[in-house]
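Below are the chains, spelled out letter by letter.
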Amino acid sequence: MKAKRTHLDKLNTLLFGKDLRITEGEQYTEEREFDYTSYYPVDEYISAQDIPSENAFFATDFGAVPDDKSFDNAKAINACINACAENGGGFAVVSGGAFTSRTIELKSGVTLFVAKGSSIIAHESGQGFEKPALIYAKDCENICITGGGTINGNGHLFGRKPLLNKNITEPDEVIDVIKMRRDNRAQLRFAHPSKYGRLAELVGCKNIHINNIIFKDSAHWTCRLTRCDNALIENFVINNNRHVANTDGIDLMQTGNSEIRHCFLSCADDGIVIKNAIWEGCDGAMENIRISDCEVISCTNAFKIGTETTFPIRNVLVENCRFMMTDLYPGSVSGISIESADGAEVCNITARNIEMERCACPIFIRLNNRNRAAEVDNFTASAIEFGVKAKGGGIAKETFDMKGEVRDILLENITAKNIEIPVIIAGFKQRGKIKRVKNITLKNIDLEYRKAKEVYDKRLFIPEYPKVYPECWRFRNLPAYAIWARHAENFKYENFKCTPALNTWREKFIFEDVI
């Protein structure tokens, strides 16, 4: 591992530093050591739950057959759900083994009850799913998923072989963001065309309760709620293969007045993520979200607002959470990431009482102007996952251009150990205009770098990157180790501590165009 980047290294990075993405090859189905987290406190989140006897309908009474991978139970389970709905609601019970299935559709007033020790498992073919999800609901009210059992997406079956032959568990001797990023992507299973979709998708639903249930091995975004209202997600476990690309944990998209509490998530992509984009089917603001008492293991960002952001996101509280990486390298890309990339107003965000361990960048706050709505629609945005370069936006460029804001952010009482990247706070300059992040306050922050040497990578300037995907790795090895801030207004920090790496060549703070 190099301790210093030469001029040639820097030139190669600029010319050839494209994202690594495997776009060819057959399905890769092997499960590798450390694909799944070794820290798995499932008993702290999931409990035994009595099988209901009143208003209960049993999938086996409608022809469901357990423990037969060749049998599709979708028809039987859906018939059970429909009978339950037609009789005024109640419990659709899946109990007695592992039930292979294609798409299951929930109905209003129905609780899908998967008993502890039992499971619903996605059909291994990936074919014949009526919706791009194993569990689906649209325009429903008063729905619940519970029971203590497991919903398994078989996600490890629908990717291509990673570039590396085994997972990385030991950190490099030298901290180098460029290599860190490549090592992360070299372990990913990028999508194979057989991928059927996500594990659960709820669209336009109200009064949702997801409680005491395990979601395992999703093939895509694990639990997606779009244009929903009044959702409570609690006592919930996600245990994904941490190398299946694009497997976010919980995605709230234009889903407000909602709460996530006491959950354990382990996934390859963002853990808990809030998005609000027109190409994802959103059409207005979302606000009033509370997240508390959660443990998140993520190979990307533990908590994130963005990146898909065209409409406002307001009034978000994250508190009393633990963000970490346990047994893989690199660690999480970031602990807290707050972004507006596509024209959204992101404001009134508070995170407090957060512990982090091996989150490379503890705090990333970013405003830029990717303006993706002018370039993609729902179809073309999804095509990118498969390495297909497709264009087609349909939204006039000026609709969201330069409209984004990030402001009124309070982050307090945060400790982070074994970090590798400074706090980054950045607006942007584009076409001669500066857009600043505003009113950012950091209070009672205690950071400690991983005990390692740092690559010497001094640069003459740091590009603005106004139109690209925003992430902390984009800025590479920065010249500050504690805080690097650019294009900010009314930025304050109080009681901020940072223990640097062993041989740091960097300054503690760099503030550029901070007013």
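Sequence order as written defines residue numbering, which begins from 1 separately in each chain. Since the coordinates come from a predicted model, pLDDT governs what is reported: local features require at least 70, and pairs of side-chain atoms require 80 or more to be given and counted, while whole-chain, interface and lining totals use all residues. Here the side-chain values reflect all heavy atoms present in the structure, with hydrogen atoms and water set aside.

Undergrad: How should I be thinking about the nonpolar core in this particular structure?
TA: In summary, soluble globular proteins display a tendency toward joint burial of nonpolar side chains. Here the nonpolar core consists of buried residues drawn from Ala, Val, Leu, Ile, Met, Phe, Trp, Tyr and Cys, with membership extended through side-chain atoms lying within 4.5 Å. Each residue gets one of three labels from its accessible area relative to the maximum for its type: buried under 20%, exposed over 50%, partly exposed in between, using a 1.4 Å probe on protein chains only. Grouped together as the largest cluster of nonpolar side chains are 125 residues, with contacts concentrated most on Phe 236, Phe 323 and Leu 442. Residue contributions to this core peak at 10 residues, all from strand 33 (residues 480–499). Here a residue-residue contact requires only that any non-hydrogen atoms of the pair lie within 4.5 Å. When sequence neighbours within four positions are dropped, the list of residues in contact with Leu 442 reads Ile 363, Leu 411, Val 423, Ile 425, Ile 483, Phe 491, Lys 492, Tyr 493, Glu 494 and Phe 496. Within the second largest apolar cluster, 11 residues are counted, among which are Ile 46, Ile 214, Ile 297 and Met 325. Only DSSP runs of H or I covering at least 4 residues are called helices, and only runs of E covering at least 2 are called strands; the numbering of each starts at the N terminus.

Undergrad: Which parts of the structure should I look at to understand the packing of aromatic side chains?
TA: To describe a pair of aromatic rings, one takes the distance between the centres and the angle between the planes. Each Phe, Tyr or Trp ring, with Trp reduced to its six-membered ring, pairs with another whose centre is within 6.5 Å; inter-plane angles below 30 degrees give stacked pairs, above 60 give edge-to-face pairs, and intermediate values give tilted ones. Tallied over the entire structure, the rule returns 18 aromatic pairs. Each ring, one from Phe 215 and one from Phe 236, has its centre 4.9 Å from the other, and the planes form 85°; the classification is edge-to-face. Here the residue Phe 215 occupies a position in strand 14 (residues 206–216), and Phe 236 occupies one in strand 16 (residues 229–239), the gap between them amounting to 21 residues. You can call Phe 215 buried: its relative accessible area is 0%. Its relative accessible area of 0% is what places Phe 236 among the buried residues.

Undergrad: Please clarify how the pattern of salt bridges should be interpreted in this entry.
TA: Two side chains bearing opposite charge may form a pair once their charged atoms approach each other closely. In what follows, salt bridge is the name for a side-chain nitrogen of Lys or Arg lying within 4 Å of a carboxyl oxygen of Asp or Glu. Considering all chains together, one arrives at 34 salt bridges under this definition. Between Glu 295 and Arg 322 there is a salt bridge, and its shortest N-O distance comes to 3.0 Å. With Glu 295 in strand 21 (residues 295–298) and Arg 322 in strand 23 (residues 313–324), the pair connects residues that are 27 residues apart, well separated along the chain. When the shortest N-O distance is used, the salt bridge between Arg 314 and Glu 345 registers 2.8 Å. Here Glu 345 lies in strand 25 (residues 345–357) and Arg 314 lies in strand 23, a separation of 31 residues in the sequence. By relative accessible area, Glu 345 is classed as buried at 16%.

Undergrad: Is there a simple way to think about helix 3 (residues 177–186) in this case?
TA: Three or four residues apart is the spacing at which side chains of an α-helix point the same way, because the helix has 3.6 residues per turn. Among the 10 residues in helix 3, 8 count as buried, and that is most of the element. By the burial criterion, the buried members of helix 3 are Val 177, Ile 178, Met 180, Arg 181, Asp 183, Asn 184, Arg 185 and Ala 186. The N-capping residue of helix 3, defined by a side-chain oxygen 3.2 Å from the backbone nitrogen of Ile 178, is Asp 176. We define a polar contact as two N or O atoms separated by no more than 3.5 Å, with the added condition that, inside protein, one atom must be a possible hydrogen donor and the other a possible acceptor, whereas residues neighbouring each other in sequence contribute only through side-chain atom pairs.

Undergrad: Is there a simple way to think about the environment of Ala 426 in this case?
TA: Structurally, Ala 426 is set in strand 28 (residues 423–426). As for Ala 426 and Asn 368, which are separated by 58 residues in sequence, their C-alpha atoms are 8.3 Å apart. Excluding anything up to four places from it in sequence, Ala 426 contacts Ile 365, Arg 366, Leu 367, Val 437, Phe 475, Trp 484 and Arg 486.

Undergrad: Help me out: how do you make sense of unusual backbone geometry in this one?
TA: As a rule of thumb, non-glycine residues mostly have phi less than zero, and peptide bonds are mostly trans rather than cis. Of the consecutive residues Gly 306 and Thr 307, the connecting peptide bond is found in the cis state with omega at 10°. Along the chain, the position of Thr 307 falls in strand 22 (residues 301–309). The amide bond that connects Tyr 329 to the next residue, Pro 330, takes the cis arrangement and shows omega of -5°. In this fold, Pro 330 is placed in the loop between strand 23 and strand 24 (332–340).

Undergrad: Would you mind showing me how to read the environment of Ala 245 here?
TA: Along the chain, the position of Ala 245 falls in the loop between strand 16 and strand 17 (250–253). Residues Ala 245 and Asp 269, 24 residues apart in the sequence, show an inter-C-alpha distance of 6.7 Å. Those residues in contact with Ala 245 that lie beyond four places of it in its chain are Leu 188, Arg 189, Phe 190, Lys 195, Ala 219 and Glu 385.

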